[in-house]
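A structural walkthrough
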Amino acid sequence: NSQVGFVDQAKCGEDLVAGDTRADEQPGLTSIPSLFLLEHNRLAKEFKTQDASLTDEELFQKARHIVIAEIQKVTYSEFLPVVLGQTLMAKYHLNLPSTQTGTSKYNAGVDPAIFNEFATFAFRFGHSLVPNAFKASTKPQDLVNNPCVLKDNFHKSEDCVLGPFLSGKAWKNLILGISQSQSEKMDSKMVTSITNFLFCEEQTSCDYRKGFGQDLAARNIQRGRDHGLPGYVRFRAFCGLSVPSSWSDKPEDISQTNWDNMKSVYTKVADIDVFTGSLSEKSVSGGVVGATIACVLGKQFKNLMQGDRFFFTHPSHGSSNEKGLPADLRNYLSNRKLSNILCDNIRDEYVIR
């Protein structure tokens, strides 16, 4: 678990500390773990108030326990229902217990490790949703650059994360602005900030007139090949979907335009890369992603729940040595949402509910 964040009086980019260098890949990404770092510290202070005898390590672990559970709660009750839709949530048994006293079932035979397919293409569906710029809120403070242009802020923290006078508060404006903004449409397109200007080495190379950066779509396709992923049609077969045998056999969940575009660059349907094909599918009913991506996500998140002995809704002292949250903490989390975490860590009057 990476921890990342800025103290309120941050003095330089080195004040950003994380377990993964990608934590500051772009400002929107940095804002999320920064929020949960504040939440961790808020909880630790609260526990200290309740019991002054707790050591620093005990405070850290108690707060960490709750933050992990909050992330699980937000993921399964707010994020996945939007991505997959209610039909697939039920199909893959991803709904959390309907009552505070209900528990989920741990399965010691399920491996909760991350699938190669999940990491390499399926969970990268969000690249289609990325905008060219983030519109930040005007509070708690004014930003140097608003909107925050993505192509100019890869691995840069000064303007959109630290903010004026290096206060370390600008990411709060950013996360509030993002929460009030519409994402790009889920489709086979990705914006130019990540297809033409990804990771520009110098400011001038991000200029539309003078130069270009890298291409994230090309990276994703090449990554799939490097990782030895089968082609797109193999994944459709694996997921029980119709499998096209030729260009005259278009799947119903792919538009004619997308099918023709793939035909123009691939010799055979068997050659279609899974990242390309899966992003070309129409969204599943009530969800965001297409059926192939939904299949991989559903299987992965099912395993992450059932195979994690510490998943927060498992029994706290189960027969298979499960260690979910005790009833009092489950009760605390029952109505807790991402909006509550925003309100508790960013001045309440700035948060739109």
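Glancing now at a negative patch on the surface. Taken together, the side chains of Asp 51, Asp 56, Glu 57 and Glu 58 present a region of like negative charge at the surface. Summarising the element assignment, Glu 58 is placed in helix α2 (residues 56-91).

Quick look at the state of the cysteines now. If you walk through the whole model with that rule in mind, you get 2 disulfides. Across the disulfide, Cys 148 is cross-linked to Cys 160 (sulfur-sulfur distance 2.3 Å). Here the disulfide of Cys 148 and Cys 160 is right-handed, its torsion about the S-S bond being about 115 degrees. Note that Cys 148 is positioned in strand β2 (residues 148-149) and Cys 160 in helix α4 (residues 158-162), a separation of 12 residues in sequence.

With that settled, consider helix α7 (residues 216-226). The complete set of buried residues in α7 reads Leu 216, Ala 217, Asn 220, Arg 223 and Gly 224. Seen end-on, α7 carries its buried residues on one side only, within an arc spanning 125 degrees. Those residues of α7 that are buried are in contact with α3 (116-120), α6 (192-195) and α10 (274-279). One side-chain oxygen of the residue at the start of α7 lies 2.9 Å from the amide nitrogen of Ala 217, identifying that residue as Asp 215. Looking one or two places after α7, you find Gly 228, whose phi comes out positive at around 75 degrees.

All right, on to the pattern of salt bridges then. What the rule picks out here adds up to 10 salt bridges. Here Asp 152 makes a salt bridge to Lys 151, at a shortest N to O gap of 3.1 Å. The network of salt bridges with shared partners includes Glu 39, Arg 42, Glu 46, Glu 70, Arg 336 and Asp 344.

Looking now at the confidence of the model for the protein chain. Looking at the protein chain, the pLDDT average stands at 89 and 90% of residues meet or exceed 70. Low confidence marks residues 1-13, where pLDDT is under 50. Its contacts with residues over four positions away, or in another chain, come to 46 contacts.

Calculation rules
In every chain, residue numbers begin from 1 and rise along the written sequence. Local features are withheld for residues below a pLDDT of 70 in this predicted model, meaning they are given only at 70 or higher, and side-chain atom pairs are given and counted only at 80 or more; totals for whole chains, interfaces and linings count all residues. Side-chain numbers here rest on the full set of heavy atoms in the structure, without hydrogens or water. Distance thresholds for patches are 9 Å for like charges and 5 Å for nonpolar side chains (Val, Leu, Ile, Met, Phe, Trp, Tyr), applied to residues having over 30% relative accessible area and no salt bridge. Here the accessible surface of atoms and residues is derived via Shrake-Rupley with a 1.4 Å probe, and residues count as covered only by protein chains that are part of the display. Between Lys or Arg on one side and Asp or Glu on the other, a salt bridge is scored when a side-chain nitrogen of the former is within 4 Å of a carboxyl oxygen of the latter. When charges are tallied, Lys and Arg are placed among the positive residues and Asp and Glu among the negative ones, while His and the ends of the chain are skipped. A charge is said to be at NZ when it belongs to Lys, at CZ for Arg, at CG for Asp and at CD for Glu. Labels follow the DSSP assignment, with helices taken as runs of H or I lasting at least four residues and strands as runs of E lasting at least two, numbered in each case from the N terminus. Two cysteine sulfurs form a disulfide in these notes if their separation is within 2.5 Å. Only protein chains enter the accessibility calculation, which uses a 1.4 Å probe; a residue whose area is less than 20% of its type maximum is buried, one above 50% is exposed, and one in between is partly exposed. Note: the arc covers the axis-to-C-beta directions of the helix. In what follows, a contact means two residues having at least one pair of non-hydrogen atoms within 4.5 Å. In protein, a polar contact means a hydrogen-donor-capable atom and an acceptor-capable atom, both N or O and within 3.5 Å, with residues adjacent in sequence counting only if both atoms are side-chain atoms; elsewhere, any N or O pair within 3.5 Å suffices. As a per-residue quantity, pLDDT reports the predictor's confidence and falls between 0 and 100.

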